[in-house]
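The lines below spell out each chain.
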Amino acid sequence: MDSTVSQDKRILLFEDSDIFADMVLEFLDAHGYQTRRAVNGFEGIKAVYSYKPHIIITDVEMPLFKGYQATRLLKSRKSTKSIPIIMFTSLSEIKDKFWGTQAGADFYIEKSPENFAELQNSIARLLAEAPEPDFAVIEHEGKRIDDNALIETVNNLLDAKLFQTTVIGMLAELSAKLGSLDDIVKGFFDLLNYVCEAEIVMVMIKSEDNSLVVYSSNSAGFNDLTTEDFNAISIADFDDLFPDFQVVTRKTKDFYPPGDKKKRIESYIRVPLLAGGQKYATVHIGNSIKEYFSPLIMENLDVFLKAASPIIANALSMLEMEELQKKTRVAFARYVPEDVIDEVIHRSFGTAIQSETRNVVVFFLDIRNFTKISENSSAYELVGFLNTFFSIMGNEIIAEGGHIDKFIGDAIMAIFGAPRPLSNAHACAIRAAVNMIKALAKVDTTQLILPEKGLAVGIGINSGECVVGNIGFQDRMDYTVIGDTVNLASRLEGVTKMYRHPIIVSENMSEAARDQFIFRKIDTVRVKGRNSPVGLYAVYAAYAGEAGAEDFQDAASALVIDRTFLDFYEKGLRLFYMKEWETAKTYFNNALQIDEGDYLSKLYLERIEEYSLLGEPVDGAVTLTEK
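All of these numbers come straight from a predicted model, not from anything done at the bench. (Residues numbered from 1 in each chain as written. Predicted model: local features only at pLDDT ≥ 70, side-chain atom pairs only at ≥ 80, totals over all residues. Heavy atoms only, no water.)

(A) Broad picture of the sheet that holds strand S10 (residues 278-287). Within the open sheet, the 5 strands sit side by side as S8-S7-S6-S10-S9. Their pairing is mixed. The open sheet terminates on both sides in strands that have one partner only, identified here as strand S8 (249-256) and strand S9 (267-275). Mean inter-strand twist for the sheet, computed between neighbouring axes without regard to direction, equals 15°. Where strand S6 (residues 200-206) lies against S10, 6 bridges are found, and the strand directions are antiparallel. Bridging from a neighbouring strand, isoleucine 205 pairs with alanine 281 of S10. (Pairing = 2+ DSSP bridges. Helix = DSSP H or I, 4+ residues; strand = E, 2+ residues; numbered from the N terminus. Axes fitted to C-alpha atoms, helices over the stretch in contact; angles between N-to-C directions.)

Spelled out as C-alpha cells, the structure:
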C-alpha cells in the first residue's frame, strides 16, 4: 500500500508481550500506518471506541480477555463488526483456529517475525476490501460503555454457545489422541475442570465382562474422611442405577489421592453416560460450595458429557478388545507353543503393513446441504445428529460386509472387498446404499432446521483396481485404498446433485449387479481429472406397482421407477446416441407423459435442440467442469 494512503489508516494491536509488540509496531510504523497498542483484550476493546481503528491485530493468548473473546464481542456488535480483525495463531494448534473461526476473525497468521511481509499483504487486502467503519456510531456507542458493562456483555456473550463449542472442539482433539482408557479419562478430568469446578470426581464404568473400572480425581485435596463419604455415596448411586450388575473384577485408578482439606462437600450430582442409547457408566461430581450446580453450569455439563460419552465408550471398547486378545492368547497357548504364537503374530503384522493391488468397491456418501443445516443448528445439536446418523448409516455398511474407511466431516468413505475379500462386493455395496436411503427416515432430525426437501444424501459407487494397505508411518498407520478408482467414486457422489438422483454408480458396477438391481443410464461424461469417458447409471430397487415397491416410501421413493417409463426413456436414449433426433424426442416426450417431472428426459430434449443446431461432442461425452 502507498505510504500516502497508509498514513491515514489506524491499526490497533492487542498484544501483551512487550518485545513482540515493539517489533510489530516498528514494522507497521515503517509502512506509514498510525498505530496504538493495548496490553490485553479488555483494554483493547475499550481502545476500539476511543482510537477508532481501521483494522485490528490481536494475539490469542492474553490476560483478562483472550483474543478470540475480544473478537467475538466486536464481531457481534453492529457498530464494530465491519472492522477487519487479523488473529495471531500458532498454526500447529488446532484449537487456535477453532476458536478464531467461532469468533469470526477475518484472517489468521502465524505469530512470527518471518511472516511480517504476509501480515502487510493481508492488511492491505483487508483495508481495500472492507467498507469504511462508521466511526461516528462507534464513538457514540463508546460513551455508553463502562468497565462493568463491558465485562457483563462479554460474559453473557461467551459463557454459553462459544464456551460449549470450544469445549467440544477440545474433546475432538482428545479423541484424536485416543490411546488407553486411562489416558482418555485423565484428559476427561482435565477438561471437566475447564467446564466447572469439579473438586472431586468419580467415574464408574461397567464392562461387558462384568468388570468395573473406577477412576477418581480429588483435585481439591479433601481429607480421607470426606473422600470416603463421597466414594460411598457415589458407589451407592451407581448400584441404584445398575441394580442387576454383578461385579466380577474391579480396577481402580486415583489420579489425585486424598489430601488434608477438611471442608465438607456441599453440592453433589450424578450423571449417567450413554452409548447407543444404553447407560454404561456414571459420573459423580462434588463441590464444597452450596447449590453450586446452577442451571448454566448444568447446561454446559450436559453438552460436555454428551459429547464426551462416545469418546469414553470407544476407549472402553478398545480396552475390552485388548482384554479379549489377551484371553485369546492364553487360550491358544494351551494348544500351541508360545514361540509358534509369536511367529504367527509377527508374520501377520508383516503382511498387514504391506500394500497390495486388489479389485474392490469404493463407496462415498455425503449429506446434502450440510453447510446450511450447520448454520442453523447449535454445535450440541449437530454432534447429536451426526452421532445418530453415522451410527444408522454405518450399521448398514457393516451389515453388508463393508469396511468403514473413514468419516470425512459429514461424509462416509467405505470399502467392500477389503481387508476381507467379498465375493459379491458389487451387490453388497449397492444393497447397502439402497438400505441407507430407506434408513434416512429413522434419523432423528427434530432438533435441526432442514432445507425444504428435508434430509437427503448423495451416494457414489465405483469398482476397480486400487492399492490397498496401511499407509502412514511407524507411529500412525491408516488402512485405506488409493488410486483412480477412489477418485472416480468420489466424483460420482458429487454428480448426484447435478443429476438429481441419490445413488449413482459406474458402468462396471451396473454390469456386475444388473441381475439384482434396476439401472438407468444417466449420461456419458468426462469427469475432471480423468481423460476417458465414464458411463453413469442411476440405481433403482423396484418397479412401481410391482413386488417390493411397497417397501420404498417417502425418502426412498426415488428408488422406484415405472417399467413403461423406463422402456420409453431407454429407447429414446439409444436413438439419441444414433442421432435420430426426432424419433428420440418422441420417446422422451412419451416418458414425460408418465413422469412429467423427470429431469433426465427434459435434459436430453434440451440437448437434442442444442446438438441439432451446433453438433454434438466428438465422442458423445459431456465434460464436467466441477468435481
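(B) Spatial organisation of the environment of glycine 483. Locating glycine 483 in the fold gives a position in the loop between strand S15 (476-482) and helix H16 (484-499). Judged by relative accessible area, glycine 483 falls into the partly exposed class, the value being 31%. With 16 residues separating them along the chain, glycine 483 and valine 467 place their C-alpha atoms 6.3 Å apart. (Buried < 20%, exposed > 50% of the residue type's maximum accessible area, 1.4 Å probe, protein only.)

(C) Expanded view of the confidence of the model for the chain. Scored by pLDDT, the chain has a mean of 81; 80% of the residues are at 70 or more. Here residues 91-95 scores under 50 on pLDDT; set against residues more than four positions off or in separate chains, the count is 3 contacts. Scored below 50 in pLDDT, residues 343-353 shows 3 contacts in the model against residues more than four places distant or in partner chains. (pLDDT = per-residue confidence, 0-100. Contact = heavy atoms within 4.5 Å.)

(D) Seen up close, the packing of aromatic side chains. Evaluation of the coordinates by the stated rule reveals 24 aromatic pairs. With 4.9 Å between their ring centres and 50° between their planes, phenylalanine 238 and phenylalanine 242 make a pair best called tilted. According to the relative accessible area criterion, phenylalanine 238 is buried, its value standing at 1%. Plain terms: the ring middles of tryptophan 581 and tyrosine 611 are 6.3 Å apart, the flat faces sit at 65° to each other, and that makes the pair edge-to-face. Within this pair, whereas tryptophan 581 is found in helix H19 (residues 581-594), its partner tyrosine 611 is found in helix H20 (residues 599-614), the two being separated by 30 residues in sequence. Here the two residues tryptophan 581 and tyrosine 611 agree in accessibility, since each one is buried. Three or more aromatic residues link up through ring pairs in this structure, and these residues are Tyr569, Phe576, Tyr577, Trp581, Phe588, Tyr604 and Tyr611. Stacked on the ring of phenylalanine 20, the Lys or Arg lysine 111 has its end atom at 5.2 Å from the ring centre. (Phe/Tyr/Trp six-rings, centres within 6.5 Å; stacked < 30°, edge-to-face > 60°. Lys NZ or Arg CZ within 6 Å of the ring centre and 35° of its normal.)

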